[in-house]
Amino acid sequence: MPASSLGTWSVLIAALAVQVLVSPSIADCVGNTCSEVEETQFLQFTSRHDATPESSSQGCPGPSCGAPGCPGFVKCPTEDDFPMPFKGRYPTSYPFQPGMHFPKGFKWGLGTASYQIEGAYNEDGRGVSIWDTFSGANTVGMPGSVCEQAPCPVSSAMGIKGATGNVANDFYHKYKQDIAMMASMGVQSYRFSVAWPRVVPTGVMSDGINQKAIAFYHDVIDELIAHGVEPIITMYHWDLPQGLMDMSWNSSIPACDSKYKQGWYECADGSVDSPQPSGMDALVVKEFTKYAELLLKEYGSKVKYWATFNEAWTFTFLASGGRGKAPNVQPWYDPDVWPYVAGHNVIIAHAKAVSVFRQMQAAGQLSQGHKILITNNQDWREPLTTSPSDIAAAEYALEGQLAWYCDPIYGVKTEAGYEHDYPASMKMTLPYMPNFTMQEKQLLEANRPDVFGLNHYGTGWQSFNCTGSGTASSSCTTEDGLPMAVSSWLFQAPWGFRKLLNWIAKRYGRDLPIWGTESGWSDNTISALQAKYDTGRLMYYFGYIMEMWNAIHVDGVKMEAFMAWSLMDNYEWERGYAERFGCLYNEFQFGADPNSPSPESPVYVADQGVIDGVCGSSCEDANVGKPAPVGAYNQTRHAKNSILWLQWVWESNSMVDQSRFLASTIGGDVCYGEGEYNGVKCSLSSTIPGPAPPSAYSY
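Residues numbered from 1 in each chain as written. Predicted model: local features only at pLDDT ≥ 70, side-chain atom pairs only at ≥ 80, totals over all residues. Heavy atoms only, no water.

### Some thoughts on the overall build of the chain
Okay, step 1: A count of helices and strands for the chain gives 20 helices and 23 strands.
Okay, step 2: Since a compact globule built from 699 residues should have a radius of gyration of about 27 Å, the 26 Å found for the chain is in line with a globular shape.
Okay, step 3: If you line up the chain on its principal axes, its C-alpha atoms span 90 × 65 × 55 Å.
Okay, step 4: The buried share among the 699 residues of the chain stands at 61%.
Okay, step 5: For the chain, contacts bridging at least 24 residues in sequence account for 75% of all contacts bridging at least 6.
Okay, step 6: Total accessible area computed for the chain in this model is approximately 24,700 Å², and 52% of it derives from carbon and sulfur atoms. (Helix = DSSP H or I, 4+ residues; strand = E, 2+ residues; numbered from the N terminus. Rg over C-alpha atoms; globule rule 2.2 N^0.38 Å. Buried < 20%, exposed > 50% of the residue type's maximum accessible area, 1.4 Å probe, protein only. Contact = heavy atoms within 4.5 Å. Areas by Shrake-Rupley, 256 points an atom, 1.4 Å probe, with all protein chains shown as cover.)

Okay, structure coming up:
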């Protein structure tokens, strides 16, 4: 540093110290003392020998805020701060070992989501969801619709345009078949979601409740119970009623304006330059709380286990900036701001729902045996090397996704109790981050969920400063050496699952039960018999369940449940029907759907907020998998090897040798349903694969 700059540098350091002492946002961002931040700032700037005062004056919070090489952290983390069950030596094989039994009462099951399987999108008074709008379904005349004339626009952020959930698996009509099928397979628990716009068509309770929808879910629950399948309900799995969010196709409505319904993005009037989430005052929070209370009163006597939201990170972080999830609309498109506004409101809505749940328990309307949770998602991020910078990059990635929601909701375990707030790393480095009011913190502290719900799929290696900027966002994820599914983001590593379970137990307390609420593997098979030999999915579940056993019995993690995703191939959101996660292959009866986007459908250009052009050949029936409404009831489901093996696991509550399904299979096509497949009549039950082998019960 030139001697002539020393005077200016001293002034900057002094000014920085004053800024640290007076700025609540910086003081809050580390959860310790301001002097620690001051020390971190000094280390950060003095370590940049080529920095000028001008390039260093932004300070904290900022993208480089933190210890040198470890933005987001006062001190660089070490291997001792990170769960390392393998200490850098990763398993290369998972041989079967008899005698690996799970704790008595361990919950096994499968999961689905309403929009992905129900179909019947415009039947019996259902309202429009943001996914109907996003995918371009014909919603003219439906409650909450923003489309006045068909064909309705399809979003440019939609990956496979033309695909919708209009028909999907037709579960709305076929639920009795599907539940009989589940019972035949020995399914113990079934996690499914209720469609908010089906129950409350506009999302606004005062507009009316759909009694046909209320009756439908009673029928589903009763059918499950009659067949010995335990229902687990998710209140919200991404299908926000469109009636709670105004939008315009060719002009951007103003943000932070209470004259408009803003969905999860609601913020205080006039705060658009630095949005203040409306929190408890938000219309969507108030309506979700009423909706949650309605569900608990209607179904609480029959259903013990409840989840408020599914994957809040996915439906907020990926719902702006063209990242592929609904709504991706103006004026809430900026990915540096609006996901965090939405996330804040979602966290408060969750806490309000838990508060209702606790009040009903206190009043005796729900028992103390009833449990409530939220399911959040995280893929494991393993440091590429043992360098402090790579360890920090991995920790930063975990905190920026899972801890973003779980730190406020569950609280980080400390010697004094639990601290309910956003991660310090996010507050230190992000350009925008809201703050919790004292009232909101008290709400969160008083309403900690009973169970930690975890959706986990894959793993990646995390390394720092791939871009060369040295900022918190300069890190990258690679997957060298890890098996890849059809989904571009999904790479298999069972040991990553075990590490994540340890990370959660360490951060949120080993006394907190963890439920695996989703894990799964995708393929793109085109026939039932091709799909049956699903070695990738079989080895995925074998390895992940084995490492879950290790987490329980070797590491002492309080893991109590594992739900495979999904029951059957279904609508895979913006990817349509091109990626199949089902443990059963679904024959969708693809054909023409007149209510789906056509080549003439306008395209809503999300980053500009205008209609521009038409969908063209991308939306042609021949180029897109579209389940046809005609004949949908004759769809059939077909068992894959993975679910035949899982049946043995569920039956024995133990690890089972998987080699029988790698060498070959058992029987031919196991077809469920009332239709036909390749000229063969299907059934609602099957004797395949038969009883679990004796080795499953050995000690």
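Alright, that's what it looks like, and here's the rest.
### Considering the confidence of the model for the chain
Okay, step 1: Per-residue confidence for the chain gives a mean pLDDT of 91; residues scoring 70 or more make up 92%.
Okay, step 2: When the criterion is pLDDT under 50, residues 1-58 qualifies, and its contacts beyond four places in sequence or with other chains add up to 53 contacts. (pLDDT = per-residue confidence, 0-100.)

### Comments concerning helix α10 (residues 283-299)
Okay, step 1: The terminal C-alpha atoms of α10 lie 24 Å apart, and with 17 residues this matches the ideal 24 Å at 1.5 Å per residue to within 8%.
Okay, step 2: Inspection of α10 places V284, V285, E287, F288, T289, Y291, A292, L294, L295, L296 and Y299 among the buried residues, and these make up the whole buried set.
Okay, step 3: For α10, the elements touching its buried residues are α8 (196-199), α9 (211-226), β6 (230-236), β7 (305-310) and α12 (338-362). (Expected span 1.5 Å × (residues − 1).)

### Observations regarding the state of the cysteines
Okay, step 1: On inspection of all chains with the given rule, the structure shows 7 disulfides.
Okay, step 2: Each disulfide pairs two cysteine sulfurs, and for C70 the partner residue is C76, the sulfurs being separated by 2.0 Å. For the disulfide bridge between C70 and C76, the dihedral angle about the S-S bond is near 110°, and by the sign convention the bridge is right-handed.
Okay, step 3: Look at C70 and you get buried, because its relative accessible area is 0%.
Okay, step 4: The partly exposed category is assigned to C76, whose relative accessible area is 28%.
Okay, step 5: There is a disulfide in this structure between C147 and C152, and the S-S distance comes to 2.1 Å. (Disulfide = S-S within 2.5 Å.)

### Structural notes on the environment of G99
Okay, step 1: One can find G99 in the loop between β2 (70-71) and β3 (107-111).
Okay, step 2: Owing to a relative accessible area of 24%, G99 belongs among the partly exposed residues under this scheme.
Okay, step 3: With 556 residues separating them in the primary sequence, G99 and M655 have C-alpha atoms 7.6 Å apart.

### A closer look at the pattern of salt bridges
Okay, step 1: A complete count under the given rule lists 27 salt bridges for this structure.
Okay, step 2: A salt bridge links R637 to D178; the nearest nitrogen and oxygen atoms lie 2.8 Å apart. Residue R637 is found in strand β20 (residues 636-639), and its partner D178 is found in helix α7 (residues 171-185); the two are separated by 459 residues along the sequence. There is no split in this pair, since R637 and D178 are both buried.
Okay, step 3: A salt bridge links R498 to E547; the shortest N-O distance between them is 3.6 Å. With R498 in helix α16 (residues 494-508) and E547 in helix α18 (residues 535-553), this pair connects stretches of sequence that are 49 residues apart. Of the two residues examined, R498 and E547, each falls in the buried class.
Okay, step 4: Each of the salt bridges in this network shares a partner with another, and the network as a whole consists of D523, D534, R537, D569, R580 and K640. (Salt bridge = Lys/Arg side-chain N within 4 Å of Asp/Glu carboxyl O.)

### Digging into the nonpolar core
Okay, step 1: Formed by 203 residues in total, the largest nonpolar core has its most connected members in W264, F288 and W645.
Okay, step 2: Ranked by residues supplied to this core, first place goes to α12 with 14 residues.
Okay, step 3: If we ignore the near neighbours within four places in the chain, the residues touching W645 are L538, Y541, F542, I545, M655, V656, D657, Q658 and F661.
Okay, step 4: One finds Y585, C671, Y677 and C682 within the second-largest nonpolar core, a separate group that totals 6 residues. (Core = buried A, V, L, I, M, F, W, Y, C linked by side-chain atoms within 4.5 Å.)

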